[in-house]
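# Observations on chain architecture
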Amino acid sequence: MKASTFFIGLAAGSVAAAVTVLYSTPQSGSQLRTSVKDASSDMKEMFKEVKVKVDDLKESISHLTKEAKETVPTAIEDIKGSVEKWQQSTESNKERMEKEIAAIQTALEELEQNIAAHQK
């Protein structure tokens with residue numbers, strides 16, 4: 001939901017509530033006109049405040065977007081660098097493990113040959 005849609009709904013609900021209260025309260029004509037004028041000026045003030053808050057929200061989103069555009073690429077490059085360093089640091093272990101796996105496979109093949117020779 002967009003923020004502007006939310007604030008428009010909030011304002012419309014406030015106006016509806018104010019009108020309902022004004023017309024459901026028993027008042028004389030002049031009192032009612034005064035109340036309507038007061039409510040109207042209050043609503044105008046509320047709309048101004050909502051507009052200011054929406055503008056602040058838009059500015060904050062714009063600022064956040066700008067910061068994200070500047071910060072995210074740097075963070076991605078830092079992560080890539082860290083991954084490359086990790087890969088380099090683990091390369092020797094990888095080679096050692098590959099040699100050990102090859103030795104284990106050779107030992108298993110010899111064991112299978114020995115078992116096969118003993119069974120004959």
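One structure accompanies this document, and this report is about it. Remember, predicted model here, so these are calculated numbers, not experimental data.

## Here's the deal with the overall build of the protein chain
- Helices and strands together make up the secondary structure of the protein chain, namely 2 helices and 0 strands.
- Here the C-alpha radius of gyration of the protein chain, 37 Å, is well above what a compact globule of 120 residues would show, namely 14 Å.
- Here the C-alpha coordinates of the protein chain stretch approximately 115 × 40 × 15 Å along the principal axes.
- Classification of the 120 residues of the protein chain by burial places 7% in the buried group.
- Within the structure as shown, the protein chain displays about 10300 Å² of accessible surface, and the carbon and sulfur contribution to it stands at 60%.

## Looking at a nonpolar patch on the surface
- A contiguous nonpolar patch, built from Ile 104, Leu 108, Leu 111 and Ile 115 and spanning about 370 Å² of accessible area, is present on the exposed surface.
- Here Ile 104 shows up in helix α2 (residues 29-119).
- Of the residues examined, Ile 104 reaches a relative accessible area of 52% and is grouped as exposed.

## Remarks on the pattern of salt bridges
- Under the definition given, this model contains 3 salt bridges.
- Asp 55 is the partner of Lys 51 in a salt bridge, and the nearest nitrogen-oxygen pair spans 3.3 Å. One end of the pair is Lys 51 and the other is Asp 55, both in helix α2 and 4 residues apart, which spans about a single turn.
- Taking the relative accessible area as the measure of exposure, Lys 51 reaches 52% and is therefore exposed.
- Owing to a relative accessible area of 35%, Asp 55 belongs among the partly exposed residues under this scheme.
- Here Arg 96 ties to Glu 100 by a salt bridge, and the two come within 3.0 Å at their closest N and O atoms. Placement of both Arg 96 and Glu 100 in helix α2 is noted, with a separation of 4 residues, approximately one turn of the helix.
- A relative accessible area of 40% means that Arg 96 is categorised as partly exposed.

About the thresholds
- Residues numbered from 1 in each chain as written.
- Predicted model: local features only at pLDDT ≥ 70, side-chain atom pairs only at ≥ 80, totals over all residues.
- Heavy atoms only, no water.
- Helix = DSSP H or I, 4+ residues; strand = E, 2+ residues; numbered from the N terminus.
- Rg over C-alpha atoms; globule rule 2.2 N^0.38 Å.
- Buried < 20%, exposed > 50% of the residue type's maximum accessible area, 1.4 Å probe, protein only.
- Areas by Shrake-Rupley, 256 points an atom, 1.4 Å probe, with all protein chains shown as cover.
- Patch = residues over 30% accessible without salt bridge, like charges linked within 9 Å, V, L, I, M, F, W, Y side chains within 5 Å.
- Salt bridge = Lys/Arg side-chain N within 4 Å of Asp/Glu carboxyl O.

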